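Structural characterization, general
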Amino acid sequence: MIKLVYLWWGYTIVGIKKIFDRKDGKRVRNLDAMHCIMPLIFPKRSESEVFIKIRIDLTNTNNYIRVKNAENPEFKYNLFQLIIAAILKTIILRPRMNRFIANQNIYQRYDVSAAFIVKTSFSDDAEEAMAFIKAEETDKLDSLRQKICEQIENCRDELQKDSSQKLMDFVAFLPGFIRVIIGFGARMLDRHGLMPKSIMATDIHYASVVLSQLGSIKLGAAYHHLTEWGTNSLFITVGEKKKRPFYDNDGNMTMKSSIDIGFTVDERISDGFYFAKSVRLMKKLLEHPELLEGELNTKVLY
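The structure presented is a predicted model; accordingly, all values stated were derived computationally and were not measured. Every chain is numbered on its own, with residues counted from 1 as its sequence reads. Under the rules for a predicted model, residues below a pLDDT of 70 receive no local features and side-chain atom pairs below 80 are neither given nor counted, while totals for whole chains, interfaces and linings still include all residues. To get the side-chain values, take all heavy atoms of the structure and skip hydrogens and water.

1. What about the overall build of the chain?
- Helix and strand assignments come from DSSP, with helices taken as H or I runs of at least 4 residues and strands as E runs of at least 2, each series counted from the N terminus. When you go through the chain residue by residue, the secondary structure sums to 9 helices and 10 strands.
- Within the chain, the fraction of its 302 residues that count as buried is 43%.
- A total of about 17,000 Å² of accessible surface is found on the chain, and carbon and sulfur atoms cover 59% of it. Burial classification: accessible surface area is computed with a 1.4 Å probe over protein chains only, and a residue below 20% of its type maximum counts as buried, one above 50% as exposed, and the rest as partly exposed. Each accessible area is a Shrake-Rupley result for a 1.4 Å probe, and residues are judged covered by the shown protein chains and nothing else.

2. A closer look at the pairing of strand β5 (residues 112-119)
- Most of β5 sits out of view: 6 of its 8 residues are buried.
- Here β5 pairs with strand β6 (residues 128-135) via 8 bridges, running antiparallel. If you follow Phe-116 over to β6, its bridge partner there is Ala-131.
- The rule for pairing is simple: two strands pair if DSSP sees at least two bridges between them. Bridging between β5 and strand β7 (residues 209-213) involves 3 bridges; their strand directions are parallel. Looking at the pairing, Ala-114 lines up with Val-209 of β7.

3. Section: the pairing of strand β4 (residues 105-109)
- Judged by how many residues are buried, β4 sits mostly within the fold: 4 of 5 residues are covered.
- Of the strand pairs in this sheet, strand β1 (residues 25-27) and β4 are connected by 3 bridges, and their pairing is antiparallel. Looking across to β4, one finds that Gly-25 is bridged to Arg-109.
- The pairing of strand β3 (residues 99-102) with β4 spans 4 bridges and is antiparallel. Opposite Arg-99, over in β4, you have Gln-108 as the bridge partner.
- Hairpin connection, β3 to β4: the antiparallel pair is bridged by 2 residues, and Asn-103 has positive phi, about 55°.

4. What to know about helix α3 (residues 59-71)
- Helix length check: α3, at 13 residues, gives a terminal C-alpha distance of 19 Å against a target of 18 Å (1.5 Å per residue), a fit within 8%.
- Where α3 is concerned, the buried positions are Thr-61, Asn-62, Tyr-64, Ile-65, Lys-68 and Asn-69. The buried side chains of α3 occupy one side of the element, clustering within an arc of 160° when seen end-on. Across from the buried face of α3, at angles greater than 90 degrees, the exposed residues are Arg-66, Ala-70 and Glu-71.
- Only heavy atoms matter for contacts: two residues are in contact if any of them lie within 4.5 Å across the pair. Check the buried side of α3 and you find it contacts β2 (49-57), α4 (79-93), α5 (141-155), β10 (253-266) and α9 (272-287). Expected helix span is given by 1.5 Å per residue-to-residue step, counting one fewer step than there are residues. It is the directions from the helix axis to the C-beta atoms whose arc is reported.

5. A closer look at the sheet that holds β1
- If you trace the 3 strands from one edge of the open sheet to the other, you get β1-β4-β3, paired in antiparallel fashion. Across the chains shown, the open sheet's two edge strands, defined by having one partner strand only, are β1 and β3. The mean inter-strand angle of the sheet, taken between neighbouring strand axes irrespective of direction, is 40°. Axes here mean lines fitted to C-alpha atoms, for a helix over just the part in contact, with angles spanning 0 to 180 degrees between N-to-C directions.

6. Here's the deal with the packing of α4 against α5
- Viewed as axis vectors pointing N to C, α4 and α5 meet at an angle of 120°, and their least axial separation amounts to 10 Å. In terms of orientation, α4 lies oblique with respect to α5. In this structure, the crossing between α4 and α5 has a hand that is right-handed. Facing α4, whose interface residues are Gln-81, Leu-82, Ile-84, Ala-85 and Leu-88, α5 presents Leu-141, Leu-144, Arg-145, Ile-148 and Cys-149.
- Across the contact of α4 with α5, the residue classes tally to 8 nonpolar, 1 polar and 1 charged. Oblique is the label for any angle not under 35 degrees, not over 145, and not in the 65 to 115 range, which are roughly parallel, roughly antiparallel and roughly perpendicular in turn. Put simply, a crossing is left-handed when the front helix is turned counterclockwise from the back one by less than a right angle, and right-handed when it is turned clockwise. For this classification, Asp, Glu, Lys and Arg are treated as charged, while Ala, Val, Leu, Ile, Met, Phe, Trp, Tyr, Cys and Pro are nonpolar and the rest, including Gly, are polar.

7. A short note on the side chain of Ser-212
- Within the fold, Ser-212 resides in strand β7.
- With relative accessibility at 18%, the residue Ser-212 sits in the buried group.
- Excluding residues within four positions of it along the chain, Ser-212 makes contact with Phe-235, Ile-236, Thr-237 and Val-238.

8. Focus on helix α2 (residues 33-41)
- When we look at burial in α2, the residues that qualify are His-35, Met-38 and Pro-39. Angular distribution of buried residues about the axis of α2 spans 90°; they occupy a single face of the element. Of the exposed residues in α2, the ones pointing more than 90 degrees away from its buried face are Ala-33 and Ile-41.
- Packing partners of the buried residues in α2 comprise β3 and β4.
- Each polar contact in these results corresponds to two N or O atoms within 3.5 Å; when the atoms are within protein, one needs to be able to donate a hydrogen and the other to accept it, and residues that are neighboring in sequence are counted only if both atoms are side-chain atoms. Where α2 begins, the capping side chain belongs to Asp-32, and its oxygen is found 3.1 Å from the backbone nitrogen of Met-34.

9. Section: unusual backbone geometry
- One non-glycine residue, Asn-103, adopts positive backbone phi at about 55°.
- Relative to the helices and strands, Asn-103 resides in the loop between β3 and β4.
- Despite not being glycine, Gln-104 shows a phi value in the positive range, around 65°.
- Note on placement: Gln-104 falls in the loop between β3 and β4.

Pasting the structure below:
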């Protein structure tokens, strides 16, 4: 009898765990008291933002890109591709950066993904499309570059619109009161993790990290807010590439090619020490891009 009760209790616990998990993430249960309480005290993502800015010395990075492109001119690399690869590797090696909070619970995301907006052309009236990349731990720089190029090409092809874009186009033509009802229902589905997989797989707000390449429009690494929609806990802005002063330990100044990168993070998913080490890892990867050539799960000393 005792054994039967034990088996029943064990299966019940397994069942409860499955109920509380979501299709896009597993609920984190071994939390310390502070991180368990924080989502209850600060229920909104937009009121829990931390902004971090770093400056990257591009001396080695520029040389690396120049050599890679000289070796294979048909498949050129650029800085933005390296930045995407660096943050994806950072997230895989630092998995707490891939957590999110929904309905006041903390979840560990199953997939590792990066997303960004693509302008179909550089004009005021050009449409925007959403690029969404899923990474595998065995991906390398070459395979990620291929995924990025394919996504950009699809975004600029009107016939290749994904589920999120098609849904937005449909809702945009509906009467106002129907859009309000759809919006209310969508927020309920989003909050409880019931949004269709086809939408979650292509909406940038469900990505591990969203990136914005502001340097391409001559802007700096501005602060960008997080949203209450979706599960995104990490937003990165990439500023304009230019020469800036760098100082050594003796105070001597050298002008070097550089970019500023801004991170907006939901502070509830981890602590400042963990964020600082994660940012330091990404800086190391970008200033030594040869470290990106191995598989994303290859460990790095930093």
